[in-house]
Amino acid sequence: MSYPPIPAGAFPPMDLPSYGSTHKRHPDQPPVRIPHTLTETSAPRFTPAAYPAHADMSRHNGRAAMGERIILAGRITDEDGRPQPGVMLEVWQANAAGRYHHARDQHDAPLDPNFSGQARVFTDAEGHWSLTTIRPGAYPWRNHHNAWRPVHVHFGLHGAGFAQRLITQMYFPGDPLLELDPIYQGVPAGARERLIAKFDLDVTKPEYALGYRFDMVLRGRLATPMENPT
Amino acid sequence: MSLPTASQTAGPYWHLIDFPEWADLTRAGGPNAGVAGERIILTGTVTDGDGAPCADAMIELWQAGPDGAYEAGFHGFGRCATDEAGRFRFATLKPGPVPGPGNSLQAPHITLAIFARGLMHHLTTRAYFAAEPLNEADPILALVPEARRGTLLAQPVAPGHWNLDIRLQGADETVFLDI
Ligand SMILES: [Fe+3]
């Protein structure tokens, strides 16, 4: 069992001249391609019993966070369209004012004591997940003059193989900052648009919250093993 | 067929998903409490192309148990934030040899994944144990140019304490693996 290489055009380059933090952190040498072994095709087993799920960031200690409550939902499949059950999603984001509950975030925007900005959910047997949160705010960063990150939510995915491990960001439709953002624009055209969630009336709950759909695709495994077992 | 979803940087605020106890896989009350094996400490420092410490990196650890099996009685996952000096520190049990391609046997190794601001995709490397006889026949180490193989060898710094520094760029750059 193995996973084929990441197809060209799917991932951003490590060296992104428009994103200053990549300059001294991207390796100069190409990575060494290795055949997948048990080390890469197995993965940590995360279960809600050992890693409790909490799917509602709109409340903290029983009190409602400030801002626009929204529902995010989606399905995780692989490159061949197979649903990915049991994926653990770790989710984190800024609050409605664009401030992270984080010691190093010094943006002059208010913290919300009722917003922790962190959730953990699992996909069901069909690959579906959902959570409730607050629409985050845009925030400034120091990458270039007057740089602001588009509104986004960070997602970390743990699949069935360590080679599938993925951290990505979800964006919102119609955000004027998208065309100015080096991190979003660093993803090749055709792939980057898929990082934008879609407003979805079926995810929206009447008298409660707007809903957005964000589907994600993990690497698919090769049907034929790379090495013949003996 | 559809393309895999694009990777994006974890950014500087990923600590919202940091649970510092995950850096100790042997912790009391944790998933491996009571599992027998050789307890080891694995430390290292993450530096950039200027040799400056990366103080906001997330290191994930993935390994087999002392018996060489994955997720069969030993939960081999850990996570650690680098500190102001770029250092990480895991406590775990030394993994056993793991079956490799064909009839081969992989030397005991720990996979490390590095996430950080400025990394558009996480980097993957392995920590092997210096002077381990099985290293000589390890099928993955054999794919790494000999001159750079040392960047994958954790060195003993005290009994039960191994260290492997990670250099993201430049001279003595760590060998990263395309998995
Ligand atoms: Fe962010």
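Up top is the structure.
Residues numbered from 1 in each chain as written. Chains lettered and ligands numbered in written order. Predicted model: local features only at pLDDT ≥ 70, side-chain atom pairs only at ≥ 80, totals over all residues. Heavy atoms only, no water.

## Some points on the overall build of chain B
Of the regular secondary structure elements, chain B holds zero helices and twelve strands. Ordering the α and β elements of chain B from the N terminus gives β-β-β-β-β-β-β-β-β-β-β-β. Taken along the three principal axes of its C-alpha coordinates, chain B extends 45 × 40 × 35 Å. Carbon and sulfur atoms make up 54% of the accessible area of chain B, which totals about 6,200 Å². Computed over 11 positive and 20 negative side-chain charges, the inter-centroid distance for chain B is 2 Å. (Helix = DSSP H or I, 4+ residues; strand = E, 2+ residues; numbered from the N terminus. Areas by Shrake-Rupley, 256 points an atom, 1.4 Å probe, with all protein chains shown as cover. Lys, Arg positive; Asp, Glu negative; His and termini not counted. Charge placed at Lys NZ, Arg CZ, Asp CG, Glu CD.)

## Overview of the pattern of salt bridges
When their charged atoms lie close together, side chains carrying opposite charge are able to pair. Taken as a whole, this structure holds 17 salt bridges over all chains when the rule is applied. The salt bridge involving Glu84(B) is made with Arg104(A); its shortest N-O contact spans 3.3 Å. On the criterion of chain membership, the pair formed by Glu84(B) in the loop between strand S3 (77-81) and strand S4 (87-93) and Arg104(A) in the loop between strand S5 (88-92) and strand S6 (118-122) is interchain, its members lying in two chains. Under the relative-accessibility criterion, Arg104(A) is labelled partly exposed at 38%. Ionic pairing is found between Asp83(B) and Arg87(B), a salt bridge with its closest N-O pair at 3.2 Å. Asp83(B) gets classed as partly exposed once you look at its relative accessible area, which sits at 30%. A relative accessible area of 46% places Arg87(B) in the partly exposed class. (Salt bridge = Lys/Arg side-chain N within 4 Å of Asp/Glu carboxyl O. Buried < 20%, exposed > 50% of the residue type's maximum accessible area, 1.4 Å probe, protein only.)

## Observations concerning the interface of chain A and chain B
Contact residues are listed per partner, giving 76 residues for chain A and 64 residues for chain B. When chain A packs against chain B, close to 6,400 Å² is buried across both sides, 60% of that on carbon and sulfur atoms. Close ionic contact of Arg165(A) with Glu60(B) constitutes a salt bridge, the shortest N to O distance being 2.7 Å. At the level of elements, strand S1 (32-33), helix H1 (38-41), S5, S6, strand S10 (152-158), strand S11 (166-171), helix H2 (182-185) and strand S14 (216-218) of chain A are the ones that each hand at least two residues to the side of chain A that touches chain B. Sorting elements by how many residues they give to the side of chain A that touches chain B places S11(A) first, with five residues. Its residues assigned to classes, the side of chain A that touches chain B comprises 36 nonpolar, 22 polar and 18 charged. Here S1(A) pairs with strand S12 (residues 177-178) of chain B via two bridges, running parallel. Considered in S12(B), the bridge of Val32(A) is made with Leu177(B). (Contact = heavy atoms within 4.5 Å. Buried area = accessible area lost by both parts, 1.4 Å probe. Nonpolar A, V, L, I, M, F, W, Y, C, P; charged D, E, K, R; others polar. Pairing = 2+ DSSP bridges.)

## Digging into the coordination of the iron ion
Residues and elements named next belong to chain A. In this structure, Tyr100 (OH), Tyr139 (OH), His152 (NE2) and His154 (NE2) serve as the protein donors to the iron ion, at separations of 1.9 to 2.2 Å. If you look at the iron ion, its four donor atoms make angles of 90 to 160° with each other, and the shape they trace is irregular. One chain supplies every donor for the iron ion, spaced along it as Y-x38-Y-x12-H-x1-H. Of the two residues, Tyr100 is situated in the loop between S5 and S6 and His152 in strand S10; the sequence distance between them amounts to 52 residues. For the pair Tyr100 and His152, one class covers both residues: buried. (Donors = N, O, S within 2.8 Å, 3.2 Å for Na, K, Ca; no water. Tetrahedral: all angles 85-135°; square planar, octahedral: opposite > 155°, others 65-115°.)

## So, the packing of aromatic side chains
If you walk through the whole model with that rule in mind, you get 18 aromatic pairs over all chains. Ring geometry for Phe46(A) versus Tyr51(A): centroids 4.8 Å apart, planes at 80°, classification edge-to-face. Relative accessible area serves as the criterion here: at 7%, Phe46(A) is assigned to the buried category. Overall, the relative accessible area of 6% leaves Tyr51(A) in the buried class. Ring plane angle 50° and centroid distance 5.5 Å describe the contact between Phe155(A) and Phe214(A), whose orientation is recorded as tilted. Linking Phe155(A) in strand S10 with Phe214(A) in the loop between strand S13 (210-213) and S14, this pair joins segments that are 59 residues apart in sequence. Judged on exposure class, the residue Phe155(A) and its partner Phe214(A) are both buried. Aromatic ring contacts, followed pair by pair, group Phe46(A), Tyr51(A), Phe19(B), Trp22(B) and Phe77(B) into a single cluster. Here the guanidinium or amino end of Lys94(B) rests over the ring plane of Phe129(B), the centre of that ring lying 4.8 Å away. (Phe/Tyr/Trp six-rings, centres within 6.5 Å; stacked < 30°, edge-to-face > 60°. Lys NZ or Arg CZ within 6 Å of the ring centre and 35° of its normal.)

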